Amino acid sequence: ALTSHLLYGVVLLHLLPVAYVIIMCSTVNTDGSMDGVAFEMTGPMEKVTTYGGYLWIVGMVVFSLKYILDEYFLIRLRFQCMPGRKHEQEILQQCCRELKIRRKVLLYQDYRIPVPIINGILFPHIYLPDGDIFTDEELKCIFLHELTHYRHGDIFFRKLTVIAGCVHWFNP
């Protein structure tokens, strides 16, 4: 698990945009040539880089807004959902003990949730689709799966990956 987290860190550092600004002093030689000029941007190239920069910012804002709206939906949903049934909460607590998770994990059910998901880095909560559609064995497998995501820090790294994706939305 540590190796995969270190790998995530290396990839994330590689993806973060880093601008290197080099201020070069230019001097005019006696023969009219210039020393210290790295490149000269022509008029059309300036427009391309300017408009490309604006396009990148617009794309970053659009992807960021989508992520923020998704997070807002999950936060708002937590206050609109019904708490999980007592029997399901008992199975969840048993799974927490089995995986040695001490933090309280809340369980919610709602008809708007198509598949089981876990969210929350500090205050984890699991969302289940509404209804008696899972057997006890299926619930145990679902809870163990979702809690394993929590235990490995996948929620945190998913959020970091989304942020990196917002910044690098233009990369294939």
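The following paragraphs examine the structure supplied in this document. (Residues numbered from 1 in each chain as written. Predicted model: local features only at pLDDT ≥ 70, side-chain atom pairs only at ≥ 80, totals over all residues. Heavy atoms only, no water.)

Look at Lys100: it is not a glycine, yet its phi comes out positive at around 60°. Positionally, Lys100 belongs in the loop between α3 (86-98) and β4 (106-110). (Helix = DSSP H or I, 4+ residues; strand = E, 2+ residues; numbered from the N terminus.)

Okay, the sheet that holds strand β3 (residues 82-83) next. What the four strands build is an open sheet, ordered β3-β4-β6-β5; its pairing is mixed. Two strands bound the open sheet, and with one partner strand each, they are β3 and β5 (117-119). Relative to strand β6 (residues 125-129), β4 runs parallel, the two being bridged by five bridges. When the bridges of β6 are listed, Tyr108 appears paired with Tyr127. Sheet strands touched by helix α4 (residues 136-151): β4, β5 and β6. Its angle to β6, the strand with the most contacts, is close to 145°. (Pairing = 2+ DSSP bridges. Contact = heavy atoms within 4.5 Å. Axes fitted to C-alpha atoms, helices over the stretch in contact; angles between N-to-C directions.)

Quick look at the packing of aromatic side chains now. The relative placement of two aromatic rings is captured by the distance of their centres and the angle of their planes. Enumeration according to the criterion identifies three aromatic pairs in this entry. Consider the rings of Phe63 and Trp169, whose centres lie 6.1 Å apart with planes at 20°: the pair is stacked. Here Phe63 is found in helix α2 (residues 43-80), whereas its partner Trp169 is found in the segment after α5 (154-167), with 106 residues between them in sequence. Since its relative accessible area comes to 26%, Trp169 is described here as partly exposed. (Phe/Tyr/Trp six-rings, centres within 6.5 Å; stacked < 30°, edge-to-face > 60°. Buried < 20%, exposed > 50% of the residue type's maximum accessible area, 1.4 Å probe, protein only.)

If you walk through the whole model with that rule in mind, you get seven salt bridges. Residues Arg85 and Asp130 are paired through a salt bridge, measuring 3.7 Å at the closest nitrogen-oxygen approach. With Arg85 in the loop between β3 and α3 and Asp130 in the loop between β6 and α4, the pair connects residues that are 45 residues apart, well separated along the chain. For Arg85, a relative accessible area of 32% translates into the label partly exposed. (Salt bridge = Lys/Arg side-chain N within 4 Å of Asp/Glu carboxyl O.)

Taking 1.5 Å as the rise per residue, α3 with 13 residues should run 18 Å; its terminal C-alpha atoms sit 18 Å apart, in good agreement. Every buried residue of α3 is accounted for by Glu88, Ile91, Leu92, Cys95 and Cys96. Down the axis, α3 shows its buried residues gathered within 145° of arc, on one side only. When the buried face of α3 is taken as reference, the exposed residues oriented beyond 90 degrees from it are Lys86 and Arg97. (Expected span 1.5 Å × (residues − 1). Arc of directions from axis to C-beta.)

A few words on the pairing of β6. Looking along a regular strand, one sees the side chains alternate between the two faces of the sheet. With five of five residues buried, β6 lies mostly within the body of the structure. Because side chains alternate across β6, one face comprises the buried residues His125, Tyr127 and Pro129, and the other comprises Ile126 and Leu128, equally buried. In the sheet, β5 pairs with β6 via three bridges, with the strands oriented antiparallel. By the bridge assignment for β6, Ile117 is matched with Tyr127.

Side chains of Tyr51, Tyr54, Ile57, Val61, Leu65 and Ile68 sit close together on the surface and give an oily, nonpolar patch of about 630 Å² of accessible area. Summarising the element assignment, Leu65 is placed in helix α2. Residue Leu65 is classed as partly exposed on the basis of its relative accessible area of 47%. (Patch = residues over 30% accessible without salt bridge, like charges linked within 9 Å, V, L, I, M, F, W, Y side chains within 5 Å. Areas by Shrake-Rupley, 256 points an atom, 1.4 Å probe, with all protein chains shown as cover.)

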